[in-house]
Amino acid sequence: MSDKKLRIIPLGGLGEVGKNMMAYEYGENILIVDTGLMFPENDMLGIDYIIPDFHYLDDKASWVRGVVITHGHEDHTGAIYHLLEKINAPVYATRLTRGLVELKLSRGGLLDKIKLHTVQAGEMANIGPFQVEFFHVCHSIPDGVGLGITTPAGLVIHSGDYKFDHTPVDGWPTDYAKLAELAKRGVLALLADSTNADRPGWTPSERVIDPAFDEVFRSAKGRIIIASFASLISRMQQVGNVAARYNRKMAFVGTSMQDNAKMARKLGYLDLPDDLVIPVEQALNLKDREVVLMSTGTQGEPTSIMGRLSTGTNRQFDIAQGDTVVLSSHPIPGNEESVYRTINRLFRRGASVIYENIAPVHVSGHASQEEMKLLLHLVRPKYFIPIHGELRHLKQHANIARQVGILDENIAVIENGQVVEFKDGEMSLGERLPGGYIFVDGAGVGDVGPTVMREREALARDGFVLVNLTIDSKTKRLREDPEIITRGFTYTGNGDDLMDATRKMVKDVIKRGDVDLEADLEPTIKSFLYNKTRRRPMIFVTTSLH
Ligand SMILES: [Zn+2]
Ligand SMILES: [Zn+2]
């Protein structure tokens with residue numbers, strides 16, 4: 001037997017929900033599966049998105065034989081431009097996934113430089129020493145695949161995002177037969193989606209949404225606005241179907257949603273009659289009861305369309321009395337608070353808001369516990385590694401695997417950066433790579449360090465205090481009382497008293513003459529204010545000499 005090992009290197013999506021990325025390494029060959037992004041939590045202000053830390057690949061660019069993308073959701077495709085900018089490797093994806101990836105690459109001007117291969121469920125591709133078989137899985141976007149990866153060290157199954165939906169919107173269920181066939185060959189390891197590991201039972205079929213949407217359309221008197229993710233193609237189809245039944249025209253709001261819908265229609269994955277879909281401008285001129293608008297912004301992000309509608313700052317149109325807003329989504333962990341805040345604001349503006357808790361207008365695209373057990377039974381792997389999820393999801397998925405008879409020592413619950421190795425059919429833990437978040441802020445990648453994040457957090461939480469000193473250039477003494485300006489800095493108690501006290505403190509410190517004005521005054525003022533108010537605004541000290 002070869003002394004080479006199969007190394008599985010989780011670069012993202014293990015220990016968190018989002019930015020999924022896995023590297024399979026054998027000798028000097030690497031296969032990458034998915035290159036996702038993660039949307040920032042609410043306290044990461046000004047950050048557009050977060051991508052996996054793939055510095056591990058820096059000196060191994062020539063080892064990368066290919067990148068396989070399992071499906072077109074952002075948490076699997078969103079970092080592809082950033083990876084391919086550094087590493088030129090061929091990409092393998094099904095038709096719809098490829099179309100959505102092409103949109104991302106063309107925006108970055110990379111489309112001509114990268115070799116793209118279209119694959120189909122049921123096909124196989126040889127990528128270096130990896131023989132990758134693609135099998136169809138149901139999810140909330142069409143054309144999703146899981147992977148059977150035959151490596152010299154054994155057969156590994158990578159589930160991708162999946163559910164076992166017997167009545168999917170596109171009529172194409174998960175390929176149980178292929179899973180059983182792979183199992184017959186003997187599966188060394190299964191890596192499977194853990195997103196819903198804490199949900200008992202089965203995830204309902206996508207179809208359960210249809211009656212809920214029907215009810216919304218039947219009772220709505222005015223405009224209907226449906227918010228979802230830009231890559232939730234199945235949901236677009238469902239909205240289109242019901243819109244056609246109730247004689248409403250449909251318009252997509254926002255570039256990402258428009259681009260994705262256009263691509264999915266062009267490729268035949270979104271079947272909407274031409275006279276159904278109209279531009280937003282046109283829709284806004286129709287009678288309210290003749291329109292349904294579909295937009296992004298389900299996570300309460302203040303700069304998203306829904307966020308702006310809720311605060312009355314949207315450019316193109318506003319929420320009006322009589323509008324029905326449907327949030328067809330589930331808050332990503334950590335976003336609950338801002339989602340509910342947005343819902344409250346939309347109500348305040350006169351909309352009637354329908355969301356998951358009051359009607360089944362959303363259903364998960366991920367397997368629940370019983371489906372996870374079924375997958376484990378179908379595949380019967382020797383080793384099991386839960387992927388896609390926070391640690392609590394991974395742990396719970398491991399419990400489920402134990403329940404169906406996987407040996408405890410054959411389960412590896414690992415987080416990003418923890419390498420797992422397979423040699424001679426045995427699993428062991430490898431090294432732990434350093435890792436973290438790479439923030440993408442506008443066009444810049446990675447230039448927003450933790451310091452900038454902390455500053456933004458401080459600004460958002462406690463505002464700032466600016467102290468301007470006018471210094472006599474000869475005597476180096478204060479010529480006037482320090483001028484203090486605050487923005488967003490609130491505290492209980494009398495503000496004038498506090499500012500007077502601050503001014504006096506600053507004067508005393510300067511009079512003692514033992515400070516380097518700008519460098520030392522900032523921390524002094526910071527601790528002074530913190531002691532008085534328990535708040536930590538950003539402090540700026542400026543001096544002008546006269
Ligand atoms: Zn997905
Ligand atoms: Zn996903």
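Predicted model, so just to flag it, every value in this text is computed and none were measured. (Residues numbered from 1 in each chain as written. Chains lettered and ligands numbered in written order. Predicted model: local features only at pLDDT ≥ 70, side-chain atom pairs only at ≥ 80, totals over all residues. Heavy atoms only, no water.)

Moving on, we come to the coordination of the zinc ion (ligand 2). Taken together, Asp-75 (OD), His-76 (NE2) and Asp-161 (OD) make up the full set of protein donors to the zinc ion (ligand 2), lying 2.0 to 2.2 Å away. Going along the chain, you hit the donors of the zinc ion (ligand 2) in the pattern D-H-x84-D. Separating the zinc ion (ligand 2) from the zinc ion (ligand 1) is a gap of 3.3 Å, which Asp-161 spans by donating to each of them. Highlighted residues: Asp-75 in helix α1 (residues 74-77) and Asp-161 in the loop between β11 (154-158) and α4 (176-184), separated in sequence by 86 residues. Owing to a relative accessible area of 22%, Asp-75 belongs among the partly exposed residues under this scheme. You can call Asp-161 buried: its relative accessible area is 2%. (Donors = N, O, S within 2.8 Å, 3.2 Å for Na, K, Ca; no water. Helix = DSSP H or I, 4+ residues; strand = E, 2+ residues; numbered from the N terminus. Buried < 20%, exposed > 50% of the residue type's maximum accessible area, 1.4 Å probe, protein only.)

On to the sheet that holds strand β1 (residues 6-12), then. Spatial ordering of the open sheet is given by β7-β6-β5-β3-β2-β1-β19-β20, a layout of eight strands whose pairing is mixed. Lying at the two open borders of the sheet, with one neighbouring strand each, are β7 (116-118) and β20 (426-432). On average, adjacent strands in this sheet sit at an angle of 20 degrees to one another, irrespective of strand direction. Sheet topology note: the β1/strand β2 (residues 21-26) ladder contains six bridges and is antiparallel. (Pairing = 2+ DSSP bridges. Axes fitted to C-alpha atoms, helices over the stretch in contact; angles between N-to-C directions.)

Among the nonpolar cores identified, the biggest contains 35 residues, and Phe-217 and Phe-252 are the most heavily contacted of them. At the level of elements, α3 (95-107), α5 (209-219), β13 (224-227), α6 (233-245), β14 (249-252), α7 (255-266) and β15 (291-295) are the ones that each hand at least two residues to this core. Setting aside its immediate chain neighbours within four residues, Phe-252 contacts Met-236, Met-257, Gln-258, Ala-261, Leu-272, Val-277, Val-280 and Met-294. Core analysis: the second largest hydrophobic core is formed by 33 residues, Ile-9, Phe-54, Ile-114 and Val-419 among them. (Core = buried A, V, L, I, M, F, W, Y, C linked by side-chain atoms within 4.5 Å. Contact = heavy atoms within 4.5 Å.)

In this structure, His-71 (NE2), His-73 (ND1), His-139 (NE2) and Asp-161 (OD) serve as the protein donors to the zinc ion (ligand 1), at separations of 2.1 to 2.3 Å. Given four donor atoms and angles of 89 to 168 degrees at the metal, the environment of the zinc ion (ligand 1) is assigned as irregular. Look at where the donors of the zinc ion (ligand 1) fall in the sequence and you get H-x1-H-x65-H-x21-D. (Tetrahedral: all angles 85-135°; square planar, octahedral: opposite > 155°, others 65-115°.)

Following the criterion strictly, the structure yields four cavities of 30 Å³ or more and no others. Space inside the largest cavity adds up to approximately 80 Å³. Together, 14 residues line the largest cavity, and Cys-138, His-139, Ile-141, Pro-168 and Asp-170 are the ones closest to its centre. Within the lining of the largest cavity, the residues separate by chemical class into six nonpolar, three polar and five charged. What the second largest cavity holds in volume is close to 50 Å³. (1 Å grid on protein atoms, 1.4 Å probe; cavity = no way out; pocket = protein on both sides within 12 Å on 5 of 7 lines; lining within 4 Å. Points joined across faces, edges and corners; volume = space filled by probe spheres on them. Nonpolar A, V, L, I, M, F, W, Y, C, P; charged D, E, K, R; others polar.)

Now for the packing of aromatic side chains. Evaluation of the coordinates by the stated rule reveals six aromatic pairs. Geometrically, the ring pair formed by Phe-164 and Tyr-176 is tilted, given 5.3 Å between the ring centres and 35 degrees between the ring planes. Taken together, the residues Phe-164 in the loop between β11 and α4 and Tyr-176 in helix α4 connect sequence positions 12 residues apart. For Tyr-176, a relative accessible area of 24% translates into the label partly exposed. Considering the side-chain rings of Phe-217 and Tyr-246, the 6.2 Å spacing of their centres and the 45 degrees angle between planes classify their relative orientation as tilted. Note that Phe-217 is positioned in helix α5 and Tyr-246 in the loop between α6 and β14, a separation of 29 residues in sequence. Taking the relative accessible area as the measure of exposure, Phe-217 reaches 3% and is therefore buried. Taking the relative accessible area as the measure of exposure, Tyr-246 reaches 26% and is therefore partly exposed. An aromatic cluster of three or more residues is present, and its members are Tyr-162, Phe-164 and Tyr-176. Positioned above the aromatic ring of Tyr-56, the side-chain terminus of Lys-60 is 4.0 Å from the ring centre. In this structure, Lys-60 is placed above the aromatic ring of Trp-63, and the distance from its NZ or CZ to the ring centre is 5.7 Å. (Phe/Tyr/Trp six-rings, centres within 6.5 Å; stacked < 30°, edge-to-face > 60°. Lys NZ or Arg CZ within 6 Å of the ring centre and 35° of its normal.)

Let us look at the sheet that holds strand β17 (residues 352-355). In space, the five strands of this open sheet follow the order β14-β15-β13-β16-β17, with parallel pairing throughout. What marks the edges here is a single partner per strand, and that holds for β14 and β17. Adjacent strand axes in the sheet meet at a mean angle of 20 degrees, parallel and antiparallel pairs treated alike.

Time to look at the environment of Phe-464. Along the chain, the position of Phe-464 falls in strand β23 (residues 464-471). Accessibility expressed as a relative area gives 25% for Phe-464, which makes it partly exposed. With 383 residues separating them along the chain, Phe-464 and Tyr-81 place their C-alpha atoms 36 Å apart. Leave out the neighbours within four places in its chain, and Phe-464 touches Leu-459, Ile-485, Thr-486, Arg-487, Phe-489, Pro-537, Met-538 and Phe-540.

Our next topic: unusual backbone geometry. One non-glycine residue, Asp-143, lies in positive phi territory at about 65 degrees. With relative accessibility at 5%, the residue Asp-143 sits in the buried group. With phi around 50 degrees, Asp-424 is a residue other than glycine that occupies positive phi space. We classify Asp-424 as partly exposed; its relative accessible area is 43%.

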